[in-house]
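# Structure assessment
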Amino acid sequence: MKHEKIRNLSSFLVPIFAVFPVTSEAQNPTIFRADIDASEIRIDGRIDEAVWLDTIVFDQLLVINPDSLAIPAYKTEIRAFYNDEGIYVAAKNYQPTDTLVARLSARDARVRRDAFGISVDPSGRGLYGYNMRVHLGGSVSDGTILPERQMSRDWDGPWRSATQELDDGWSTEIFIPWSMMSLPAAGNEARQIGLYFERTVAHLNQTWSWPPLPNTAPQHLSAYAKFDIQGIAPKPQLIYYPYVSSSYDNLSGRTDSRAGTDLYWRPNSNTQISATINPDFGTVESDDIVVNLGAFETFFSEKRSFFLEGNEIFNAHPRAIGGQSPLTLLNTRRIGASADYDFPQDFQYTATDRNQPSDLIGAAKATGQTGSLRYGVMIAAEDDAALRGLSADNQQQTIYADGKDFLIGRLLYENTSGGGRQSIGWMGTHLSHPNTTATVNAIDMHYFSVDGLWAVDTQFLHSDVNGTSGAGMITDVAFSPGQGIKHSIASSYLDKKIELNDAGFMRRNDEVSLDYTFTISRSGFERYRTQESTIRLVNQWNTSGHPVRTGLFAEQEYTFYNNSTLALDIRYYPPRIDDRASRGNGSYKIPSRFAAEATWQSDRSRPLSLLLSAGNTQEDLQRSNIGLTAGLVWQPNDKFFFENEISYNDRNSLLVRSDPGFMTAYTANEWNFRLNANYFLTSRQQFRMSTQWSGLKAHEDKHYRIDQQRIASLNRIFTQPKVSKDFNVSRLSFQARYQWEIAPLSDLFLVYTRGSNLDPDFDGSFPTLLQEAWSERISETFVAKVRYRFGG
């Protein structure tokens, strides 16, 4: 066995312990190398192979949540080595056995339990990273990291792990293959990588890490401990990811069987080419139910593996990641979305058939890097779509829609040679369709200071849709003068004609904004463990000079020593105008409003935890909107998980567009509930039942006319608009799913799904709406799917 010891552990411990780590000119340490075959070590959670005896043990974790940087209550012995295949990590987590918290869950589920994680920065320069966490019991979560702390759980990697309970705590082993990550070219020379280790102790509600990088510090990815890795040369990788699926539609009696594959080829360590052939976007996942009566589109995150793998290069600005309303040039949910049909007059069809996703002929993607330049290219082609229905004379008729073609490109140059980080990039998207040609180009620039105090992210945008050009820019500035203190400014200018929503996502155009946020986090109080205070000043106008969203918000969150939390939120909205709710039929004034909310949650590490929330957010016409929420999570053991949340809203003035130029205020009552039950036969086999229902009963109250000559308050009228009437909403989604993880990223799915959306004219009590939503289904499918990852 050939190996090299870490040459001088103490030479890099001292600078790492600083809250704001500083750079060091000292030679980087070399992590232990062991030229062993994979058959010589078994990933079973037991640290009993001989190779572990030759590794240096270190226990340098400090408490980062709360951000006391104190020495932890228990020891953590971490070992690590690498070979040509990847990195091996083991951790023995000392802890009294009666305090262990094990919770099995689906991948990436946010459940409080004991965990150990490692993050890897393959660039060694703080440019991008991968995070892997294994939870006691064997469940895992993973994701990607972009500077400085932009976390995304959308990515799933083919790493392996296992855990074991011990008499004095628990242990874990983790294997992370080089082939799953992008490595800068280095030949046989030494390369530098960054590593970060983290442990969560649920019963203490604490997180420990090495290097100690609390969330209250501005640096994260760039401050990982740097290691020199000697002479690895990952082999070219070709991965086949085929699937076969069969779905049965119980309403139509149709059976659809499909087969296809994703292909991933990594010809060298810094390039990956991928393609998907006849991809399957079958119903093994489902979106949340959202009752959207407003003017703004709801954003849904991506769930398809092909579009998640290597997609971080296309996130050109921090606003592109996460959140309910991102601003991004690429929203991959547009690819394969429902087709754009030209409907004949009086053509009749079902909404379920109309909203079916478009099939893809195929898609391909190439990502990589050369020196300081990273790049990405993606192409996708939709198949033509067909919709069956009835013509005006009730005859069977099929109409067709052309598929769309997409082309996306990205270039990013990054410089870290002088410390900190400076980068400039370009991104472009192009959509081609007989009715639409849309091209968007953007230049993005990023700056992160050497001391981590300043961060600036800017993007200049230009769109051309069928010959109509638009432009805009967004700039975010963050200043962190000390631990737990942060000032943020978010500004934007988006003209009336800029359009990103053909291939991307934006909440609205015609906006000029300058928002300010101040956050201060402190810990170690007598009555509570941590306190986080936030002040937000929202200042958003349209380009005509009218305020469209303004406000002063104050938020306070406490974490107590019994691990419960209390969040208080007070908001004031000055007068503004609404230029969107009428759908292009005029703008009108909205008076000032107030909102207040309080949310309490008990210790989530306990077998039973509760959530209670109450608030009042005034409607646009200053009437009350009282909301109450109660939630319960029951985890009697590590294999069973039950979650139920129910909310009620009493709305006294729900404002909805009726006829063009008219608005109607409704008194409305709304119930929502979500129920999830999970049972794990093992950490790799899960049976899940999930139900979500939204019900709303709206009754006409007052009618208003929008002044078309000037922007004024709504004018109340006493005649009923033509299309205004009471309405109800009842939408239900139910899914029962069995999932067996046969191997890493290889699964068998058996899924039953049903959904409903009652006609708005259907009347009845809330129990009746729920009962009818279950029985009057508009979709009911059974899906069997197997996918298996070969190679790598």
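Residues numbered from 1 in each chain as written. Predicted model: local features only at pLDDT ≥ 70, side-chain atom pairs only at ≥ 80, totals over all residues. Heavy atoms only, no water.

Turning to the overall build of the protein chain, a few remarks are in order. For the protein chain, the helix and strand inventory stands at four helices and 42 strands. Its C-alpha radius of gyration of 27 Å places the protein chain within 12% of the 28 Å reference for a compact globule of 792 residues. Viewed in the frame of its principal axes, the protein chain has a C-alpha envelope of about 85 × 60 × 55 Å. Within the protein chain, the fraction of its 792 residues that count as buried is 51%. Of the contacts formed within the protein chain by residues at least 6 apart in sequence, a portion of 62% connects residues at least 24 apart. In the structure as shown, the protein chain presents an accessible area of about 34,800 Å², 52% of it carried by carbon and sulfur atoms. Within the protein chain, one finds 77 positive and 92 negative side-chain charges whose respective centroids are separated by 3 Å. (Helix = DSSP H or I, 4+ residues; strand = E, 2+ residues; numbered from the N terminus. Rg over C-alpha atoms; globule rule 2.2 N^0.38 Å. Buried < 20%, exposed > 50% of the residue type's maximum accessible area, 1.4 Å probe, protein only. Contact = heavy atoms within 4.5 Å. Areas by Shrake-Rupley, 256 points an atom, 1.4 Å probe, with all protein chains shown as cover. Lys, Arg positive; Asp, Glu negative; His and termini not counted. Charge placed at Lys NZ, Arg CZ, Asp CG, Glu CD.)

Val 89, Ile 118, Met 132, Trp 178, Leu 195 and Phe 197 are the most contacted members of the largest nonpolar core, which totals 44 residues. It is strand β10 (residues 191–201) that contributes the most residues to this core, four residues altogether. Residues in contact with Val 89, not counting those within four places in the same chain, are Trp 52, Ile 78, Arg 79, Ala 80, Phe 116, Ile 118, Thr 172, Glu 173, Ile 174 and Phe 197. (Core = buried A, V, L, I, M, F, W, Y, C linked by side-chain atoms within 4.5 Å.)

Among the nine residues in strand β3 (residues 86–94), eight count as buried, and that is most of the element. The pairing of strand β2 (residues 76–82) with β3 spans seven bridges and is classified as antiparallel. Residue pairing across strands places Ala 80 opposite Val 89, the latter belonging to β3. Hairpin connection from β2 to β3: three residues lie between these consecutive antiparallel strands. Pairing of β3 with strand β9 (residues 169–177), which is carried by nine bridges, proceeds in the antiparallel orientation. Across the sheet, residue Tyr 94 finds its bridge partner in β9, namely Gly 169. (Pairing = 2+ DSSP bridges.)

With that out of the way, let us pick up the environment of Pro 242. The residue Pro 242 is located in strand β13 (residues 237–249) in this model. With relative accessibility at 26%, the residue Pro 242 sits in the partly exposed group. For the pair Pro 242 and Gln 735, spaced 493 residues apart in sequence, the C-alpha separation works out to 24 Å. Setting aside residues no more than four positions away along its own chain, Pro 242 makes contact with Gly 260, Thr 261, Val 786, Arg 787, Tyr 788 and Phe 790.

If you walk through the whole model with that rule in mind, you get 37 aromatic pairs. The interplanar angle of 80° and the centroid separation of 5.4 Å between the aromatic rings of Phe 734 and Trp 774 together place this pair among those described as edge-to-face. Here Trp 774 lies in helix α4 (residues 766–775) and Phe 734 lies in strand β40 (residues 727–743), a separation of 40 residues in the sequence. On the accessibility criterion, Phe 734 (12% relative accessible area) is buried. Connected via pairs of aromatic rings, a cluster forms that spans Phe 32, Trp 52, Phe 81, Tyr 88 and Phe 175. If you follow Arg 507 out to its NZ or CZ, it ends over the ring of Phe 296, 3.8 Å from the centre. (Phe/Tyr/Trp six-rings, centres within 6.5 Å; stacked < 30°, edge-to-face > 60°. Lys NZ or Arg CZ within 6 Å of the ring centre and 35° of its normal.)

A word on the side chain of Glu 148. Turning to its location among the elements, Glu 148 is positioned in the loop between β6 (140–146) and β7 (150–152). Among the polar contacts made by the side chain of Glu 148, one reaches the main-chain amide nitrogen of His 220 at a distance of 2.8 Å. A polar side-chain atom of Glu 148 sits 3.1 Å from the main-chain amide nitrogen of Leu 221. Beyond its immediate chain neighbours, meaning those up to four positions away, Glu 148 contacts Pro 218, Gln 219, His 220, Leu 221, Ser 222, Ala 223, Arg 421 and Phe 448. (Polar contact = N/O pair within 3.5 Å; in protein donor to acceptor, adjacent residues only side chain to side chain.)

Note that Tyr 752 resides in strand β41 (residues 746–757). With 11 residues separating them in the primary sequence, Tyr 752 and Asp 763 have C-alpha atoms 28 Å apart. Filtering out sequence-adjacent residues up to four positions away, Tyr 752 remains in contact with Phe 734, Gln 735, Ala 736, Glu 780, Thr 781 and Phe 782. Within the structure, the side chain of Tyr 752 is placed 2.5 Å from the side chain of Glu 780, a separation counted as a polar contact.

This part takes up a nonpolar patch on the surface. Taken together, Leu 373, Leu 411, Tyr 413, Ile 424, Trp 426, Ile 443, Met 445 and Phe 460 make up a surface patch of nonpolar side chains, about 660 Å² in accessible area. Those elements giving two or more residues to the nonpolar patch turn out to be β20 (405–415), β21 (421–433) and β22 (436–448). Relative to the assigned elements, Leu 373 resides in strand β17 (residues 373–382). (Patch = residues over 30% accessible without salt bridge, like charges linked within 9 Å, V, L, I, M, F, W, Y side chains within 5 Å. Salt bridge = Lys/Arg side-chain N within 4 Å of Asp/Glu carboxyl O.)

Attention now goes to the sheet that holds β2. Read from one edge of the open sheet, four strands run β2-β3-β9-β8, paired in antiparallel fashion. Unpaired on one side and paired on the other, β2 and β8 (160–166) mark the two borders of the sheet. Here the strands of the sheet are splayed against their neighbours by 10° on average, with no regard to which way each runs. As paired elements, β8 and β9 share seven bridges and run antiparallel to each other. The residue bridging Ala 162 from the neighbouring strand is Glu 173, located in β9. (Axes fitted to C-alpha atoms, helices over the stretch in contact; angles between N-to-C directions.)

With that out of the way, let us pick up the sheet that holds strand β38 (residues 712–713). With respect to topology, three strands assemble into an open sheet ordered β30-β31-β38, the strand pairing being mixed. Strands at the two margins of the open sheet, each flanked by one partner only, are β30 (576–578) and β38. Relative to strand β31 (residues 588–590), β30 runs antiparallel, the two being bridged by three bridges. Within β31, the position partnered with Ile 577 by the bridge is Lys 589.

The next subject is α4. Residues of α4 that are buried: Phe 766, Leu 769 and Ala 773. Along the long axis of α4, the arc covered by the buried residues comes to 55°, so they all point the same way. Those residues of α4 that are exposed and aimed more than 90 degrees away from the buried face are Pro 767 and Gln 771. Where α4 is buried, its residues contact β36 (662–682), β37 (685–705), β40 and β41. (Arc of directions from axis to C-beta.)

Below, the discussion takes up unusual backbone geometry. Following Asn 65, the chain continues to Pro 66 via a peptide bond in cis, the omega torsion being 5°. Within the secondary structure layout, Pro 66 lies in the loop between β1 (62–65) and β2. Look at the link from Pro 147 to Glu 148: it is a cis peptide, with omega at -5°. Positive phi values are uncommon outside glycine, yet Leu 745 reaches one of about 60°. Mapped onto the elements of the fold, Leu 745 is located in the loop between β40 and β41.

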